[in-house]
Amino acid sequence: MAHWLYKSEPFKWSWDQQVAAAAEGTFWDGVRNHAAKLNLMRMKVGDRGFFYHSNEGKEIVGVVEVIREAYPDPTAEAGEPWVVVDIKAVKPLQVPVSLEAVKHAPDLAEMALLRLSRLSVQPVTDREWSIVCAMGGIEP
C-alpha cells in the first residue's frame, strides 16, 4: 500500500465535507499539474492518504482511502489529460498536525509537504506516514 497527501483549501472542500460524503466518497478533482496527475495515476484502491487543509489552518486533519483508481476528470475540458481518483474519509486525526509541527520534526525534513510545497497531491513515505500518525494520535 502506498501513502499520499491531498491538499485542499477548506473553503473549496473541507474535511467535514469529505466526511459527509460518507462511504460513497467523492472524486478528487481540480488537479492541473502533471506531477500531481502522475501521482493520481499511481494510486491503487486501498491506498491511504492524509487530508491536509492548505492556506487556512495549514494542518493534516484526517485520513482518506482510495476507493476507485484514476479515470478521466469529469470537470476537465474535452481532450484535456486530467484524471481523478475517488476517495472516502477513514478517520480524523485525534490531534491535527500543523505545518509548523512538521517543519520542526527532524525526521520529516525531507517530506514532500516541505520540499514540494505547491504540489497538491504528494507521495508520503512509510516512515513519514508512521511519524505523522503518531503525532496525530492515531495508529498507522
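Note: the structure precedes this text.
Everything quoted here is computed from the prediction, not taken from an experiment.

K.L.:
Teacher, can you tell me more about the pairing of strand β1 (residues 3-8) here?
P.N.:
As a general feature of sheets, a regular strand has side chains that alternate between the two faces. When you tally the buried positions in β1, you get 6 out of 6 residues, the bulk of the element. Judged by which residues are buried, β1 turns out to be covered on both faces: His3, Leu5 and Lys7 on one side and Trp4, Tyr6 and Ser8 on the other are all buried. Sheet topology note: the β1/strand β3 (residues 48-53) ladder contains 6 bridges and is parallel. Note on β3: the bridge partner recorded for Leu5 is Phe50. As judged from the 4 bridges shared by β1 and strand β6 (residues 121-124), these two strands associate in the antiparallel manner. Residue His3 lies in a different strand from β6, and its bridge partner there is Val124.

K.L.:
What is the right way to look at the layout of surface pockets in this model?
P.N.:
Regions of empty space are outlined by a rolling probe, equal in size to a water molecule, passed over the atoms. The volume enclosed by the largest pocket comes to roughly 550 Å³. Along the wall of the largest pocket there are 22 residues; nearest its centre are Lys7, Ser8, Glu9, Ser54 and Ser120. Among the secondary structure elements, those contributing two or more residues to the lining of the largest pocket are β1, β2 (26-27) and α4 (112-115). Looking at the lining of the largest pocket residue by residue, the class counts come to 8 nonpolar, 8 polar and 6 charged.

K.L.:
Teacher, can you tell me more about the sheet that holds β6 here?
P.N.:
Hydrogen bonds between backbone groups are what pair the strands of a sheet, and the pairing can be parallel or antiparallel. The strand order β2-β5-β4-β3-β1-β6 describes an open sheet built from 6 strands, whose pairing is mixed. Whereas interior strands pair on both sides, the edge strands pair on one side only; in this sheet they are β2 and β6. Pairing of β2 with strand β5 (residues 83-98) involves 2 bridges; the strand directions are antiparallel. Paired with Thr26 across the two strands is Ile87, which belongs to β5. Sheet strands in contact with helix α5 (residues 126-136) are β1, β3, β4 (59-72), β5 and β6, and its direction is about 45° off that of β5.

Definitions and limits used
Residues numbered from 1 in each chain as written. Predicted model: local features only at pLDDT ≥ 70, side-chain atom pairs only at ≥ 80, totals over all residues. Heavy atoms only, no water. Buried < 20%, exposed > 50% of the residue type's maximum accessible area, 1.4 Å probe, protein only. Helix = DSSP H or I, 4+ residues; strand = E, 2+ residues; numbered from the N terminus. Pairing = 2+ DSSP bridges. 1 Å grid on protein atoms, 1.4 Å probe; cavity = no way out; pocket = protein on both sides within 12 Å on 5 of 7 lines; lining within 4 Å. Points joined across faces, edges and corners; volume = space filled by probe spheres on them. Nonpolar A, V, L, I, M, F, W, Y, C, P; charged D, E, K, R; others polar. Contact = heavy atoms within 4.5 Å. Axes fitted to C-alpha atoms, helices over the stretch in contact; angles between N-to-C directions.

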